[in-house]
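Okay, here's what each chain looks like letter by letter:
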Amino acid sequence: MKPTVLVLNGPNLNLLGKRQPHIYGSETLADVEADLRALAKDLGVEVRFHQSNREYELIDWIHDARETAAAILINPGAFTHTSVAILDALNAFEGPVLEIHISNVHKREAFRHHSYVSQRAEGVIAGFGTQGYSLALRRAAHLVTNA
Ligand code: DQA
């Protein structure tokens, strides 16, 4: 069986492509999902892809991943900067966690410079636009398949 990589997107990322395109670009989240599904085939992994504006839903998906996923890619949106609960949930997951930000959060407002999730993440990608998701999937596949 191929290992599963869970890809989670937090609040407001459902508006990707429409929301502040000068910051987040014009690709939609459906485009990102399609790119990842195509790439996953080449990499020999399965992708499970979710977005929610609700913190508890992201936490529940992270809990499920304890039994059903080998790695997690997460763009927690603004929960990056606020959520100890998401950090705690990720700490209960044993596989690799990679954190993604479409924009370079370090170039933006000071409140975006701190990430709770970075305390847990094996790696962080920020400022590579939506391409960051593919880069992170390559890394996750490498980590879980030892390719
Ligand atoms: C983001 C950066 C966050 O600061 C912001 O709240 C987002 C998106 C990014 O992908 O660049 O919603 O995670």
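Rules of the game
- Residues numbered from 1 in each chain as written.
- Predicted model: local features only at pLDDT ≥ 70, side-chain atom pairs only at ≥ 80, totals over all residues.
- Heavy atoms only, no water.
- Helix = DSSP H or I, 4+ residues; strand = E, 2+ residues; numbered from the N terminus.
- Axes fitted to C-alpha atoms, helices over the stretch in contact; angles between N-to-C directions.
- Parallel < 35°, antiparallel > 145°, perpendicular 65-115°, else oblique.
- Left-handed = near helix turned anticlockwise from the far one by under 90°.
- Contact = heavy atoms within 4.5 Å.
- Nonpolar A, V, L, I, M, F, W, Y, C, P; charged D, E, K, R; others polar.

## Concerning the environment of Val45
Thought 1: Secondary-structure assignment places Val45 in the loop between helix 2 (29–43) and strand 2 (46–51).
Thought 2: Separated by 23 residues in sequence, Val45 and His22 place their C-alpha atoms 32 Å apart.

## What about the environment of Asn91?
Thought 1: Within the secondary structure layout, Asn91 lies in helix 4 (residues 84–91).
Thought 2: Sequence separation between Asn91 and Val117 is 26 residues; the distance between their C-alpha atoms is 9.4 Å.

## Some details on the packing of helix 2 against helix 5 (residues 131–145)
Thought 1: Contact geometry for helix 2 and helix 5: axes closest at 10 Å, N-to-C directions at 30°. Judged by the inter-axis angle, helix 2 sits roughly parallel to helix 5. The handedness of the crossing between helix 2 and helix 5 comes out as right-handed. Where helix 2 abuts helix 5, its residues Leu29, Val32, Leu36, Leu39, Ala40 and Leu43 lie against Tyr133, Ser134, Leu137, Arg138 and Ala141.
Thought 2: Looking at side-chain class alone, the contact of helix 2 with helix 5 contains nine nonpolar, one polar and one charged residues.

By themselves, these figures tell us nothing about what the structure is for.
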